[in-house]
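Analysis of the macromolecular model
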Amino acid sequence: MQTLHGYTVDETQWKSKGGGGQCNIAKKGGKEYFIKRLAFPRYPDSDNFKGAFKQQKIDICNDWYRRRQEIIRAIPGSGTGTTVKPIEYFREGPCYYEVANLIDVTSIPYDEIYKESKEDKARVMLTVAMSLADLQGIVHGDLDPRNILISRVAGSKNLVTKLIDFSDSFFENDPPETIMSKDFWWSPEVAFYSKAAASGVSPNPYKKYISCKADVFSLGIVFHQYCAKGGKPPICTKAQPWQEFNTGKTPQIASEIEPEFRALISDMLECEPSKRPAMAEVHKRLLQILKPEMGKKNVEEEQKKREAEEHQRQLEIERQKTEEEERRRKVSEEYQQKLDEEQEKVGSSGLTVGNGVKRARIHEKNPRKVVLTFENGREQIMDLNLAAKLGYVKN
């Protein structure tokens, strides 16, 4: 057995996961957790790393860790409900680890969801859309059927839906250099962004287009797989749905899918992000499909609630921004004060002064003499060696 940050794992049970990471089951305090050993970043723990190169690696790791902490704080919930977010990140040696609550369910294969009733499919999709809409400004970044667990309550027909795997999530205004999601579910803008990044284009011209609308496109593909027989994706002539737009065509929706779902999925698969519905709108339309009378009644209240939550989120962002600016200002002032104090001690000729001398400089005509300026403002020319013996300067 292996102990990592208080978690006990069987070191022989690490299994490879997409993106090059590995996963395992961990135990701590009598409870089981899902633990992931991340492939990136790698902390320069070895003595082979030195100097500026090592510091650069450390800075990258620290920046990554700070962002992950900010993201898990911003994702609502405790990680035990519908949204199964990470609860902790830590480092052991060169490797970083991610810990989440273990979801011990037998998941229904996504290619069998089409067999469920229209209402049950709507409930599943509604739950996923609600979880994503609640993220407000955070892109999940890796939506595909395997990251949405659907199970049936024991002894019941009711379905339970869990959204998992936030390892590649990011703030929509701050995407990582490499988006690690599986390329089949890429939106067109993520595809262009990823291709430009792979080509070394900097700054990436597609960064401004990366938003939560990318999740909407990915989820449109997933919804099609839920509704079409055998979990089929949208009908395309190319290998991946986003490639269809390169030929001037659009992904086609299977005719077997219920009309209400077909219309919604088609809108979610719009090429331009601005033409896709927001995730809150997806949730609203699914609510109307599930319960038309309830949807119409609650839409206005729900919109007001989301607007109030968005207002509070913006206030919090401004507060954090103000605090950061104030912190940077204080650091800058302290640094400048330190420089000023050092400058008071060091003359323009690189002479360190002391013993009541404020400044010192080498005489312009005689380099063996020094011009001293005392703290009372008096100036005196003195032999450099004598000034040094008296403690006025240190060469």
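Above this text is the structure in question.
Residues numbered from 1 in each chain as written. Predicted model: local features only at pLDDT ≥ 70, side-chain atom pairs only at ≥ 80, totals over all residues. Heavy atoms only, no water.

Details of the overall build of the protein
For the protein, the helix and strand inventory stands at 8 helices and 16 strands. Its C-alpha radius of gyration of 30 Å places the protein more than 25% over the 21 Å reference for a compact globule of 395 residues. Dimensions of the protein along its principal axes, counting C-alpha atoms only, are 100 × 50 × 40 Å. Within the protein, the proportion of its 395 residues that are buried is 40%. Accessible surface, the protein as shown: approximately 22,300 Å² in total, 49% of it carbon and sulfur. (Helix = DSSP H or I, 4+ residues; strand = E, 2+ residues; numbered from the N terminus. Rg over C-alpha atoms; globule rule 2.2 N^0.38 Å. Buried < 20%, exposed > 50% of the residue type's maximum accessible area, 1.4 Å probe, protein only. Areas by Shrake-Rupley, 256 points an atom, 1.4 Å probe, with all protein chains shown as cover.)

Digging into empty space enclosed by the protein
Taken as a whole and assessed by the stated rule, the structure comprises 1 cavity of 30 Å³ or more. Along the walls of the largest cavity sit 15 residues, with G141, S181, V190, A214 and S218 positioned nearest its centre. A per-element tally of the lining of the largest cavity places helix α4 (residues 213-227) first, with 3 residues. Here the lining of the largest cavity is built from residues that sort into 8 nonpolar, 4 polar and 3 charged. (1 Å grid on protein atoms, 1.4 Å probe; cavity = no way out; pocket = protein on both sides within 12 Å on 5 of 7 lines; lining within 4 Å. Points joined across faces, edges and corners; volume = space filled by probe spheres on them. Nonpolar A, V, L, I, M, F, W, Y, C, P; charged D, E, K, R; others polar.)

Let's talk about unusual backbone geometry
For residues besides glycine, phi is generally negative; the peptide bonds are generally trans as well. Here the amide bond leading from F40 into P41 is cis, since omega sits at 0°, within 30 degrees of zero. Here P41 is to be found in the loop between β5 (31-37) and α1 (51-74). Looking along the chain, the bond that leaves S202 and enters P203 is cis, with omega of 0°. Locating P203 in the fold gives a position in the loop between α3 (188-198) and α4. The backbone phi angle of H5 is positive, close to 55°, even though this residue is not glycine. Checked against the element boundaries, H5 lands in the loop between β1 (2-4) and β2 (7-9). Of note in the backbone geometry, Q136 takes a positive phi value of approximately 45° without being a glycine. The residue Q136 is located in the loop between α2 (118-133) and β8 (138-139) in this model. Q136 sits in the buried class, given a relative accessible area of 16%.

Structural notes on α2
Relative to the 22 Å expected for 16 residues at 1.5 Å per residue, α2 spans 22 Å between its end C-alpha atoms, a close match to the ideal helical length. The complete set of buried residues in α2 reads D120, K121, A122, V124, M125, L126, T127, V128, A129, S131, L132 and A133. (Expected span 1.5 Å × (residues − 1).)

Side note on the pairing of strand β14 (residues 369-374)
On a regular strand, one side chain projects to one face of the sheet and the next to the other, so that they alternate. In terms of burial, β14 is largely enclosed, as 5 of its 6 residues are buried. Relative to β14, strand β13 (residues 357-362) is paired through 5 bridges, and the arrangement is antiparallel. Considered in β14, the bridge of A360 is made with L372. Counting the residues that bridge the hairpin from β13 to β14 gives 6 residues. Hairpin connection from β14 to strand β15 (residues 379-383): 4 residues lie between these consecutive antiparallel strands, with G377 at a positive phi of about 95°. (Pairing = 2+ DSSP bridges.)

Observations regarding the nonpolar core
Ranked by internal contacts, the top residues of the largest apolar core, which has 46 residues, are L219, F223, Y226, F261, V282 and L286. Elements represented by at least two residues in this core include exactly α2, β9 (148-152), β10 (159-163), α4, α5 (259-268) and α6 (279-290). With 12 residues, the next largest nonpolar core counts V353, V370, F374 and V393 among its residues. (Core = buried A, V, L, I, M, F, W, Y, C linked by side-chain atoms within 4.5 Å.)

Description of the packing of α2 against α4
Viewed as axis vectors pointing N to C, α2 and α4 meet at an angle of 165°, and their least axial separation amounts to 11 Å. Taken together, the axes of α2 and α4 lie roughly antiparallel to each other. Once α2 is placed against α4, the crossing between them reads as right-handed. Contact with α2, carried on its side by K121, V124, M125, V128 and L132, involves D215, L219, F223, Y226 and C227 of α4 and no other residues of that element. Among the residues making up the contact of α2 with α4, the classes are represented as 8 nonpolar, no polar and 2 charged. (Axes fitted to C-alpha atoms, helices over the stretch in contact; angles between N-to-C directions. Parallel < 35°, antiparallel > 145°, perpendicular 65-115°, else oblique. Left-handed = near helix turned anticlockwise from the far one by under 90°. Contact = heavy atoms within 4.5 Å.)

Some details on the pattern of salt bridges
What the rule picks out here adds up to 23 salt bridges. Between D63 and R66 there is a salt bridge whose closest N-O contact spans 2.6 Å. With D63 and R66 both in helix α1 and 3 residues apart, the pair spans about one turn of that helix. Given the relative accessible area of 29%, D63 is considered partly exposed. (Salt bridge = Lys/Arg side-chain N within 4 Å of Asp/Glu carboxyl O.)

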